[in-house]
Amino acid sequence: MRVKYRYMTILGIVLALVVRLVPLRMKYMYGYDPYFHLKYILYCMEKGQWVNFFPYALGPWGMKVKLFHPLGLWATPAYLSKILPGSIDFAFKVTPVIFGVLTIVFFTYALSRVYGYKTAALFSLLFAFNFGHIMRSMANYYRGDNYMLFWYSVTFFGFSLLISSRNTWERIIAYSLIFISPALASVFWQAYYPIFILVLANAVFLLIGSFLLSKDDMLPHAFISISLILPSIILASVLGEKVGFGMLGENKGTGNYLSKKFGLEFGFLHDIFLYYLFKIVLLVLLLAVIVLLASRFLKDVKTRAITLTVLVVVGGLILYSKYYSIFSTLLNKIFLTSPISETQRTTLRDFWIAYGPQFALAFLYPLRFRRLNVFTLLTLGTVLVLVPMAIIWTRFLFLASVAISLMAALGLSSLKLSKSKRKIAIITLATVILISSVHGMYETLNLKPEMNKYWEDALSWLGENSNVNDIVLVWWDYGHWVTYYSTRAPVAQGSPSRFVARYYLGLVNNKSLMNIGVDYVIVSYNILYKFQAVVKTANVTGYRLLLLYRSEKYTFTRGDITIVAVPSRNGWDVRITANGIVGRPREAYVEMGDRIYRIEYNSNADLYAYVNFNYGYAVLADSKTFNTPMVKMMATNSYPGYKLVYSDGGMVKIFKFIHPNVVVEGSNGRIVLRFLDPKGVKLGLYGYLDNGTLVYKGTFNVKNKDSFFMPQDLNNSVVVRYVYFGKNVFDRGIFRIDDIARETQ
């Protein structure tokens, strides 16, 4: 029987590998972030160094990469490509699979050490098809939280060694893993902090379990486990100095915001979270000392339970009095809901998509407490930390996936059935695993990349037909795509931009566009689809837009509303039906082929329509919404101040913003800035080292000049920002000096 379960465990790991490789069949990667990560890795490998100041992001300022994620996020697939077959692209796409499957291996082996191979086999088979875990550990989708869960699995394995082994060397290994793994997680993801909470929770529950169950020989190990968190915190800070701090570090935007607004300290660890966690761990250690001393005198379980309750209450009150405002600040600032799908409050539907039937099976977890041991109590730390996180944000469904499969496996393996019902139990378990497998596989196969040929063609065209210093305004979701395919700097990427949202709604003027150096604006069907997110991000109201889809040859419907556009002698005849009432819009625009037809009606209804026959959708809006840049550029032939330079007929359109533009070129070994429509008077140049240090600053008179040769002595500058201005700023931009030189070769 033991051998059979061992083979089932191996089968679960193999199936986990297979299902996570399925997305490799897709041409495009999933989501948005992976495109930036891969582009940055390719760029650095081309340069032969880890570039910090990256000019093709966050235009016109550029991105100091070390201020966002630690280096391990990008270095790992780069170094793996040295040993894996195929290209760097392939290594990048399969790196999540490698660490995702290793996560399963460590958790599974940990459970086999404590509970045996039956529980381990159940866990491996369930976790293999847990879509909550698949979605961030699969090929073609690269995110940093996969690394954090991997390092937590290593720590979890360390705890299993500590509890299950009497071998001195194995316990030394266990201590080493508990110490090193949380710190190493800081090298790979800027939001690694939950791993420290998890390890602390596990160690505390190990202490509690040992005390309550009179396993006094385990109490010193629990105490040492808690103690090891302190040097691990210090190591995370030291590593942060080398490869980049977490998101609450002293040089990070969120960290500085919280420090200035709420008076939070970075302390000697240079990180708000690490500093306050260090203090909390010291308090926990003090309480742990009391528990150790009490264990020498208190032998009765009831007395121990009362003593422990008192200590928990006292410790909780101390934490509440000293740190409640800090916890509240962090929660209210960081865990807000924003117009991003992964930072919304989780619904039951989200739980079902992520976990399927495993979500229900997790409720069997309390059955394991009928046969209580210290490791079972230790797992309570995992559950109590991760499950609430899954409720807070949908993105934490991934981290909590291990808790759900763990709860389900522990609960199922605790079911007690008579021998006569064993066959029924086996059939039931097989059915449960089969249903879970079908659910996980279905959700994986049902995934479709957001990137498509329309965007690839448009952005590739932009990269080939624009200047290296040009800045692109696009909805933030697609900013990383611009960086990847165009090698141009988008205004926004990675997080919502109120500026971009307000621009699309017509609340930003041309001076503001010139002030941030915008050269191209992209509108698309996707942005129309995300209209409500645009409005919410802009923090305004009063805009109404409805998307309809073709249901018949000339008919577009959405609920009770219908738009019918039929050819007529004058071009097109467009009618709108709502609640059985037929009317006409004031204006209608019909796009077919490479033409947009405009039709006017003498209508009292404040309705405007755009019908796209090329891709089978239509837009219905009021005048306020229809006259926003977002809709007007997409739907009409009227866009003063812009020139349409690319259109595929209704999916993606690119406009050149007409303004006194600056073009950076190479000429005879020199870098020249050419001024198109030279209205500027001054040119400011700012030179930076790769670490972001300003080493050159100069302002030059360029009145009536159409070009300017950059000084050759820029004090070893690697990256240059420029600003072209008169009374107002006309253009800004950023470029890397050696990129200009390469383009002229």
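Residues numbered from 1 in each chain as written. Predicted model: local features only at pLDDT ≥ 70, side-chain atom pairs only at ≥ 80, totals over all residues. Heavy atoms only, no water.

Trainee: Residue-level account of the overall build of the protein chain, with values.
Mentor: Within the protein chain, the regular secondary structure consists of 27 helices and 23 strands. Relative to the compact-globule value of 27 Å for 745 residues, the protein chain shows a C-alpha radius of gyration of 30 Å, a close match. Referenced to the eigenvectors of the C-alpha coordinate spread, the extents of the protein chain come out at roughly 90 × 70 × 55 Å. Here the protein chain, with 745 residues, has 57% of them falling under the buried criterion. In the protein chain, once contacts between residues fewer than 6 apart in sequence are set aside, the share between residues at least 24 apart is 66%. A total of about 31,100 Å² of accessible surface is found on the protein chain, and carbon and sulfur atoms cover 60% of it. For the protein chain, the distance from the average position of its 76 positive side-chain charges to the average position of its 41 negative side-chain charges is 9 Å. (Helix = DSSP H or I, 4+ residues; strand = E, 2+ residues; numbered from the N terminus. Rg over C-alpha atoms; globule rule 2.2 N^0.38 Å. Buried < 20%, exposed > 50% of the residue type's maximum accessible area, 1.4 Å probe, protein only. Contact = heavy atoms within 4.5 Å. Areas by Shrake-Rupley, 256 points an atom, 1.4 Å probe, with all protein chains shown as cover. Lys, Arg positive; Asp, Glu negative; His and termini not counted. Charge placed at Lys NZ, Arg CZ, Asp CG, Glu CD.)

Trainee: Just give me the short version of the pairing of strand β6 (residues 545-550), but keep the residues and values in it.
Mentor: When a strand is regular, its side chains alternate between the sheet's two faces. As judged from the 5 bridges shared by β6 and strand β14 (residues 617-621), these two strands associate in the antiparallel manner. Residue Y549 lies in a different strand from β14, and its bridge partner there is Y617. As judged from the 2 bridges shared by β6 and strand β7 (residues 555-558), these two strands associate in the antiparallel manner. Residue pairing across strands places R550 opposite F556, the latter belonging to β7. As consecutive antiparallel partners, β6 and β7 are separated by 4 residues. (Pairing = 2+ DSSP bridges.)

Trainee: Pulling in residues and values, what's your account of the side chain of D739?
Mentor: Secondary-structure assignment places D739 in helix α27 (residues 737-743). With a relative accessible area of 0%, D739 lands in the buried category. A polar contact of 2.5 Å, which involves the side chain of D739, links it to the side chain of K47. D739 has contacts with Y43, K47, P55 and Y56, leaving out every residue within four places of it along the chain. (Polar contact = N/O pair within 3.5 Å; in protein donor to acceptor, adjacent residues only side chain to side chain.)

Trainee: How would you summarise the pattern of salt bridges if you had to cite specific residues and measurements?
Mentor: Across all of its chains, the model carries 23 salt bridges by this definition. For the salt bridge of K47 with D739, the shortest nitrogen-to-oxygen distance reads 2.5 Å. With K47 in helix α2 (residues 33-47) and D739 in helix α27, the pair connects residues that are 692 residues apart, well separated along the chain. One network of salt bridges, with partners in common, ties together K47, D690, R736, D738 and D739. (Salt bridge = Lys/Arg side-chain N within 4 Å of Asp/Glu carboxyl O.)

Trainee: Give a detailed account of the environment of V534, specifying residues and quantitative values.
Mentor: Tracing the backbone through its elements, the reader meets V534 in helix α24 (residues 531-538). Through-space distance from the C-alpha of V534 to that of P388 is 29 Å; in sequence the pair is 146 residues apart. What V534 contacts, discounting residues up to four positions off in sequence, is W475, A501, Y504, L505, I527 and M630.

Worth remembering: the numbers are spatial, not functional.
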